[in-house]
Amino acid sequence: MIAEALFFSGILFAIGVIGVLTRRNAIIVFMCVELMLNAVNLSFVAFSRMHGVAGQTFVVFVMTVAAAEAAVGLAIIIAVFRHRQTVNLDRLDLLKG
Amino acid sequence: MPLFYSFHFYLFGLIAVASAIAFVTRRSPVAAALWLVITMFALAALYVMLDAHFIGVIQVLVYAGAIMVVFLFVVMLLNLGQPTELADVRSRRGRLAAGAIGVALAAQLLTVLRGRIPVLPPDPVVPANAIAPVAENLFTDNLLAFEITSILLLVAIVGAVVLAKPGRAREDASVVAGGVPGESRRGREAGA
């Protein structure tokens, strides 16, 4: 079952990448990043089935970082929306020069 | 491997992949978020089937419970629920390019995962107590990282409050209203 879990993990990660590349809504892009983190968590858990419980500890840390990232990132999105009245990533080109 | 176990493992894996595909193709942000919640529930089931019971529980509590609620909260706070307002899916050419990149990445990942990483037989001894081994590892070998995590969360809380505070943004908005919006500046540069 470990090989199958790694298979699903790779597929989910690729779907997350496709989502990041195809969407313009900042919140959906952010959710796609969360999906990619989840895919990585799945392979951590699968490897922890082989190599001991340290993989599950890593998953706990990844979830903590994901929660912090969600809080800060959504605060940034709210600030940007208040500033520009949009979350369309193609219109947030202030750093493009 | 019992057939019952294999069947449900593939079932939850397929549910996760199918709802992830539905998630990236929905136009409405609310529908997308709800499909992502289903993906996370299916992943929690996979964690439990891989003997990571504690991770399965906190997957439901933290990801599906807390993080996705925050996402939905922001979607509704910014009133982005109407899919017609934002043409947020890229053009056909962009989608094809992204799909090609995604398929190439998946092929690479699967090749690496199949060929390069030795798949050992799983540990036959499954501990009866699901949480104790995780706790032992977390609070002995990784204790320093665990403590640093609390500082990370504190920084995240302070950062989120500072960023989302309305006062500064209002000043910025007044600066933009009276000062140099991006379009006019670009026009000046083009004129020069």
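Source: prediction; values computed, not measured. (Residues numbered from 1 in each chain as written. Chains lettered and ligands numbered in written order. Predicted model: local features only at pLDDT ≥ 70, side-chain atom pairs only at ≥ 80, totals over all residues.)

Student: Please explain the overall build of chain A as it appears in this structure.
Tutor: Secondary structure summary: chain A contains three helices and zero strands in total. Each helix and strand of chain A, placed in order from N terminus to C terminus, yields the pattern α-α-α. A compact globule built from 97 residues would reach a C-alpha radius of gyration of about 13 Å, whereas chain A, at 16 Å, exceeds it by more than 25%. Based on the C-alpha atoms only, the size of chain A along its principal axes is roughly 50 × 25 × 20 Å. When the 97 residues of chain A are sorted by exposure, 55% land in the buried category. Long-range contacts, defined here as pairs at least 24 residues apart, represent 47% of the contacts in chain A between residues at least 6 apart. (Helix = DSSP H or I, 4+ residues; strand = E, 2+ residues; numbered from the N terminus. Rg over C-alpha atoms; globule rule 2.2 N^0.38 Å. Buried ≥ 20, exposed ≤ 12 C-beta atoms within 10 Å, placed from the backbone. Contact = placed C-beta atoms within 7 Å.)

Student: How should I be thinking about the nonpolar core in this particular structure?
Tutor: Generally speaking, soluble globular proteins have nonpolar side chains that are buried together. The biggest cluster of nonpolar side chains holds 68 residues, and the ones touching the most others in it are Leu12(A), Ile27(A), Met31(A), Leu42(A), Val45(A), Leu36(B) and Leu46(B). Of all the secondary structure elements, the ones that give two or more residues to this core are helix 1 (2-22), helix 2 (26-51) and helix 3 (54-84) of chain A together with helix 1 (3-25), helix 2 (29-49), helix 3 (53-77), helix 5 (132-141) and helix 6 (143-164) of chain B. Those residues within four positions of Leu36(B) in sequence are excluded, and the remaining contacts are Met31(A), Leu35(A), Phe23(B) and Met68(B). (Core = buried A, V, L, I, M, F, W, Y, C linked by C-beta atoms within 7 Å.)

Student: It is not clear to me how the interface of chain A and chain B should be interpreted in this structure. Could you clarify?
Tutor: You'll often see interface size given as the accessible area lost when the parts meet. Taken together, the contacts link 63 residues of chain A with 71 residues of chain B. Of all the elements in the fold, those that place two or more residues in the side of chain A that touches chain B are helix 1, helix 2 and helix 3 of chain A. Considering every element that reaches the side of chain A that touches chain B, the biggest residue donor is helix 3 of chain A, with 24 residues. Per-class residue counts for the side of chain A that touches chain B are 46 nonpolar, eleven polar and six charged. (Nonpolar A, V, L, I, M, F, W, Y, C, P; charged D, E, K, R; others polar.)

Student: Whenever I open this one, the confidence of the model for chain B confuses me. Can you help?
Tutor: Low pLDDT marks stretches whose predicted atomic positions should not be read closely. Residues and elements named next belong to chain B. In the predicted model, chain B carries a mean pLDDT of 80, and the fraction of residues at 70 or more is 75%. Put simply, helix 8 (residues 182-191) is where chain B has its lowest mean pLDDT, 45, and helix 2 is where it has its highest, 93. Considering only residues more than four positions removed or in separate chains, one finds that residues 178-192, a stretch of pLDDT under 50, has three contacts. With pTM at 0.84, the complex prediction returns an ipTM value of 0.91. (pLDDT = per-residue confidence, 0-100.)

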